[in-house]
Amino acid sequence: SQELEQSPQSLIVQEGKNLTINCTSSKTLYGLYWYKQKYGEGLIFLMMLQKGGEEKSHEKITAKLDEKKQQSSLHITASQPSHAGIYLCGGGSQGNLIFGKGTKLSVKP
Amino acid sequence: DAGVTQSPTHLIKTRGQQVTLRCSPKSGHDTVSWYQQALGQGPQFIFQYYEEEERQRGNFPDRFSGHQFPNYSSELNVNALLLGDSALYLCASQSSGANVLTFGAGSRLTVL
C-alpha cells in the first residue's frame, strides 16, 4: 500500500525566514495535494500538483513535484505568524487520499 | 457561500455506544467523503458516497457505516464504540469528476 512520509515532523522558524517541507511517496503519485490545518480544525486546500516537474505558487508558498512524481516540496518565503499550523501532503485521486502525518510549523515573531 | 458544515462539533460517548455524525456538503458538490484523524496523525479515508451509494471504502471495519441523502448530505455511523475510535472525524465534499476536496471543521469524538 502507498505511504507518504513528511519531513521534518516539526519546525520552528523565526519570522521572516524561509523554510521547506518535504513529502516522499512510496509509489508514483497521480495527484499530490497540500493542505494546511490549524490545530483541531479542518483542512484548508493550498495546492494540487499532477504533472512531473510541475511547480505552483500562491502568495509566498511554492510547491513542486519532481519528475518521477514521488517527491514534493513546499517552500515558504519570508514566513509570517499566519503561516503557523500543520501542513499535510496527500496523494491519490477521486477523493480517496492518503495523507502523511503532517509537519507542524511554528513561527516565532 | 457556506462551505462544508459538520455537526456536532464535539461529543463524548462511552465504550459500546453508537454515534451518528452529520455533514452538509458545499453548495454544488454531490460527493462526500469521510476521514478519521487520530491525534498526531494524518487523516485516514473511511469511505465515499455518491448518488446515495458507497462508492469507495478504506480499511475500516463494518462498525463504520454511512448514508447519503437525496440532498447530498451525509451521515457517518459508528457502532460498538471502542476507545480507539476517539478522533477528529472530517467530512469532505467535491463535485463528481473534480479532484480537490473541501473539508469541514470536523467532529471531535471522545470515547471514555
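Once a new chain begins, its residue numbering starts again from 1 and follows that chain's sequence as written. Going through the entries in the order they are written, you letter the chains from A and number the ligands from 1. For a predicted model such as this one, the threshold for reporting local features is a pLDDT of at least 70, and the threshold for listing and counting side-chain atom pairs is 80 or more; totals across whole chains, interfaces and linings nevertheless cover every residue. Side-chain calculation: all heavy atoms of the structure are included, whereas hydrogens and water are not.

Caption draft 1: Broad picture of the side chain of Ser-79 of chain A. Residue and element names in this part refer to chain A. Here a helix means four or more residues in a row that DSSP labels H or I, a strand means two or more in a row labelled E, and each is numbered from the N terminus. Note on placement: Ser-79 falls in the loop between strand 8 (71–76) and strand 9 (85–93). When accessible area is computed with a 1.4 Å probe and restricted to protein chains, residues below 20% of their type maximum are described as buried, those above 50% as exposed, and intermediate ones as partly exposed. Among the residues examined, Ser-79 registers a relative accessible area of 1% and is labelled buried. Counted as a polar contact is a pair of N or O atoms within 3.5 Å, where, for protein atoms, one must be capable of donating a hydrogen and the other of accepting one, and residues adjacent in sequence contribute only when both atoms are in side chains. Polar side-chain contacts of Ser-79 include one of 3.4 Å to the backbone oxygen of Gln-14. A polar atom in the side chain of Ser-79 sits 2.8 Å from the backbone oxygen of Lys-17. When near neighbours in sequence (up to four residues on either side) are disregarded, Ser-79 contacts Val-13, Gln-14, Glu-15, Gly-16, Lys-17, Leu-19 and Val-107. By definition, residues are in contact when any of their heavy atoms lie within 4.5 Å.

Caption draft 2: Local environment of the packing of aromatic side chains. Stacked, tilted and edge-to-face pairs are distinguished by plane angle, under 30 degrees for stacked and over 60 for edge-to-face with tilted covering the rest, among Phe, Tyr and Trp rings (Trp via its six-membered ring) whose centres lie within 6.5 Å. Within the structure shown, the criterion is met by nine aromatic pairs over all chains. A centroid spacing of 5.3 Å and a plane angle of 85° characterise the contact between Phe-47 of chain B and Tyr-49 of chain B, whose relative ring orientation is edge-to-face. Across the pair, exposure class does not vary: Phe-47 of chain B and Tyr-49 of chain B are buried alike. An angle of 70° between the planes, with centres 5.1 Å apart, marks the rings of Phe-60 of chain B and Phe-64 of chain B as edge-to-face. Exposure class is identical for Phe-60 of chain B and Phe-64 of chain B. Each is buried. An aromatic cluster of three or more residues is present, and its members are Tyr-35, Phe-45 and Phe-99 of chain A together with Tyr-35, Phe-45 and Phe-103 of chain B.

Caption draft 3: The arrangement of the state of the cysteines in detail. Any two cysteine sulfur atoms lying within 2.5 Å of each other are counted as a disulfide. In the structure shown here, the tally under the stated rule is two disulfides over all chains. The partner cysteine of Cys-23 of chain A in its disulfide is Cys-89 of chain A, sulfur to sulfur 2.1 Å. With the S-S bond torsion at 75°, the cross-link from Cys-23 of chain A to Cys-89 of chain A turns out right-handed. One end of the pair, Cys-23 of chain A, is in strand 3 (residues 19–25); the other, Cys-89 of chain A, is in strand 9, with 66 residues separating them in the sequence. Given a relative accessible area of 1%, Cys-23 of chain A falls into the buried group. When its relative accessible area of 0% is taken as the criterion, Cys-89 of chain A is described as buried. Cys-23 of chain B shares a disulfide with Cys-91 of chain B; S-S distance 1.8 Å.

Caption draft 4: Highlighting the environment of Leu-112 of chain B. All names here are of chain B. By the element assignment, Leu-112 lies in the segment after strand 11 (107–111). For Leu-112, a relative accessible area of 58% corresponds to the exposed category. Counting along the chain gives 40 residues from Leu-112 to Tyr-72, while the straight-line C-alpha distance between them is 32 Å. Sequence-distant contacts of Leu-112, defined by excluding residues within four places in its chain, comprise Ile-12, Lys-13, Thr-14, Arg-15 and Leu-83.

Caption draft 5: Structural view of the side chain of Ser-25 of chain A. Residue and element names in this part refer to chain A. Along the chain, Ser-25 falls in strand 3. Assessed through its relative accessible area of 6%, Ser-25 is described here as buried. Among the polar contacts made by the side chain of Ser-25, one reaches the main-chain carbonyl oxygen of Lys-27 at a distance of 2.5 Å. When near neighbours in sequence (up to four residues on either side) are disregarded, Ser-25 contacts Gln-2, Glu-3, Leu-4 and Gln-70.

Caption draft 6: Layout of the interface of chain B and chain A. Each partner contributes to the interface: chain B provides 22 residues, whereas chain A provides 19 residues. For any pair of parts, buried area is found by adding up, for both, the accessible area (1.4 Å probe) each one loses once the two are put together. Contact between chain B and chain A buries roughly 1600 Å² in total, counting both sides, with carbon and sulfur atoms accounting for 49%. Salt bridges are defined by distance alone: a side-chain nitrogen of Lys or Arg within 4 Å of a carboxyl oxygen of Asp or Glu. One can count zero salt bridges joining chain B with chain A. Taken together, chain B and chain A are joined by seven residue pairs in polar contact (both at pLDDT 80 or more). Listing elements by their share of the side of chain B that touches chain A, those giving two or more residues are strand 4 (31–37), strand 5 (44–50), strand 6 (53–57) and strand 9 (87–94) of chain B. Throughout, the ten residues Ala, Val, Leu, Ile, Met, Phe, Trp, Tyr, Cys and Pro are labelled nonpolar, Asp, Glu, Lys and Arg are labelled charged, and all others, Gly among them, are labelled polar. Residues that form the side of chain B that touches chain A fall into these classes: 10 nonpolar, 10 polar and two charged.

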